[in-house]
Amino acid sequence: MSKDECQAPAAPVIDAFLGGWANTDLQVPLMPGSIYAAARRSAVSKRFPDERIIVPSGGLKVRSNDFDYAFRPHSAFIHLTGEEGTQAVPDSVLVFEPSPSGHSVTLFTRPRSARTPGPNSAEFYSDRRHGEFWTGRRRTLNETADALGVETAAYEDLERALGGARPTRVLRGIDQRVDALVAPAPQADAELVTFLSELRLIKDEWEIDQMRIAVDCTVAGFHDVAAEMHRVTSFDRGERWIEGTFNRRARLGGNGLGFETIAAAGAHACVLHWMRNDGPVKDGDLLLLDAGVESDSFYTGDITRTLPVNGHFTDTQRRVYDLVFAAQAAGIAALRPGARYREFHDAAMRVIAEGLDAWGLQPYGGTAATSESDLYRRYTVCGSGHMLGLDCHDCASARSETYMDGLLEAGHVLTVEPGLYFQPDDLTVPEELRGIAVRIEDDFVITADGPVCLSSELPRSADGVEAWIASMR
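Everything numeric here is computed off the predicted structure, so don't read it as measured data. (Residues numbered from 1 in each chain as written. Predicted model: local features only at pLDDT ≥ 70, side-chain atom pairs only at ≥ 80, totals over all residues. Heavy atoms only, no water.)

Visitor: Outline the sheet that holds strand β17 (residues 450-453), supporting the account with residue identities and numerical values.
Guide: Backbone hydrogen bonds are what pair the strands of a sheet, in a parallel or an antiparallel way. A sheet is described by the order of its strands in space; here three strands give the open sequence β13-β16-β17, paired in antiparallel fashion. The open sheet is flanked by β13 (413-416) and β17, the only strands paired with a single partner. Across the sheet, the mean angle separating the axes of adjacent strands is 40° when strand polarity is ignored. Direction of pairing for strand β16 (residues 442-447) relative to β17: antiparallel, over a ladder of four bridges. When the bridges of β17 are listed, Val445 appears paired with Val452. Set on the sheet, helix α12 (residues 315-333) makes contact with β13, β16 and β17; between it and β13 the angle comes to about 155°. (Pairing = 2+ DSSP bridges. Helix = DSSP H or I, 4+ residues; strand = E, 2+ residues; numbered from the N terminus. Axes fitted to C-alpha atoms, helices over the stretch in contact; angles between N-to-C directions. Contact = heavy atoms within 4.5 Å.)

Visitor: Quick rundown of α12? Include the residues and the values.
Guide: A rise of 1.5 Å per residue sets the reference length of α12, with its 19 residues, at 27 Å; its end C-alpha atoms lie 27 Å apart and thus fit the reference within 8%. Residues of α12 that are buried: Thr316, Gln317, Val320, Tyr321, Leu323, Val324, Ala327, Gln328, Ala330, Gly331 and Ile332. (Expected span 1.5 Å × (residues − 1). Buried < 20%, exposed > 50% of the residue type's maximum accessible area, 1.4 Å probe, protein only.)

Visitor: Tell me about the pairing of strand β12 (residues 303-308), and name the residues and values.
Guide: Sheet faces and side chains relate simply in a regular strand, where the side chains alternate between the two faces. Among the six residues in β12, six count as buried, and that is most of the element. Of the two faces of β12, both are covered, the one formed by Ile303, Arg305 and Leu307 as well as the one formed by Thr304, Thr306 and Pro308. Relative to β12, strand β10 (residues 286-291) is paired through six bridges, and the arrangement is antiparallel. Its bridge partner lying in β12, Leu288 is registered against Thr306.

Visitor: I'd like a rundown of the domain arrangement of the chain, residues and numbers included.
Guide: Assigned domains of the chain: these are domain 1 (19-199) and domain 2 (205-472). Distance from the C-alpha centre of domain 1 to the C-alpha centre of domain 2: 36 Å. Carbon and sulfur atoms supply 56% of the area buried between domain 1 and domain 2, which totals about 1400 Å² over both sides. Viewed at the interface, domain 2 and domain 1 are joined by three salt bridges. For the salt bridge of Glu198 with Arg399, the shortest nitrogen-to-oxygen distance reads 2.7 Å. In this structure, the connection of domain 1 to domain 2 is made through 13 residue pairs in polar contact (both at pLDDT 80 or more). Going through the elements one at a time, α2 (32-47), α3 (75-81) and α9 (186-198) are the ones with two or more residues in the side of domain 1 that touches domain 2. (Domains from an automatic or database assignment. Buried area = accessible area lost by both parts, 1.4 Å probe. Salt bridge = Lys/Arg side-chain N within 4 Å of Asp/Glu carboxyl O. Polar contact = N/O pair within 3.5 Å; in protein donor to acceptor, adjacent residues only side chain to side chain.)

This is how it looks when you write it as structure tokens:
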């Protein structure tokens, strides 16, 4: 589209756009997730009585000149509204106003563009960021109220609604307009961030269903990639082919990606967050694929598999793979309600440490006071898992005592993903190991009876991976 084609119609043609439009208002059912979102709003109201609470969705971000990135609301906003996919409207703001019964909650949002004379009557055809002819139909205010089960008001009424002296907490750094309207209260605002993050630690039944949907679609994307392994070596940038193969599934089956796909072949797999994906995929290499589909409800899967490109591990590759597989198995065995969150990482690291010791690998001398995780950090780099949900690394603002130093509970959803990364220039390891990296990651929900693997359909063992690739050729 040329620049001239993007220009809004000149003033003399305004009348040509007004009148003559059919009534296309919709009867919108209540979204299933909105029922659960109402319970979460009640928890916020109970935690902060007599205080105004403001949770913005965030707005559009420019990618280049007059093109924006696809909009994705802030996770706290999603959690408290039950909003889904392409229906989400930029610049929306959820306001909890204290009332005698707790709080009245109103969603301030952009209504559907008016097609009758009056304020903003030209928006639907002339506004390239928000106009219906440019970006598609939005719900009316009534439709949004029906879909989300919350009172609605026009975004332009927000400033008036936030007037008056009242203790107020804001989820800051999300909406500049909101930040400017309300004086900061650093401690109070920080407490709100923490509470909203911790509110997501325990997933309800609807959230767990959404996690299953996201993980199932992610598994399908991995099957798509396995089916392409026989041809990927023919491309100069085979990593891009792998990336595109998975990303197509993410858009077909969900809202898109939960995070940028990591398609790392050969030594690129030694870079934990390799997202350039611009390298070849060579016969004899390992391909590390770390990817996740974000469902239409914005919950994401997060799975990693390390695959032999030609379908067969070399002896050295298998030796590394088998050690990581054993470490993951130990981590999984440590998952149970009441266990310390850190136990699964510690269990995986003990297996890694014992294995590396047996290979004669210690990057530097240790003492009795040197922890195993520090001693072997050179080859493992990071932790062995994280909470999973609306964010890939979910609940990141939770307090340490409720997350990293807390106990596992039924309703936690997390990953177990130990890895070994032998950098190509690391002279502390034998040459045959340099440039080899393996990570295996699966998604689990903790239940009263123990962990349930949401990604169990994908093979994990070396033999299973080889058989899987062979079956997809």
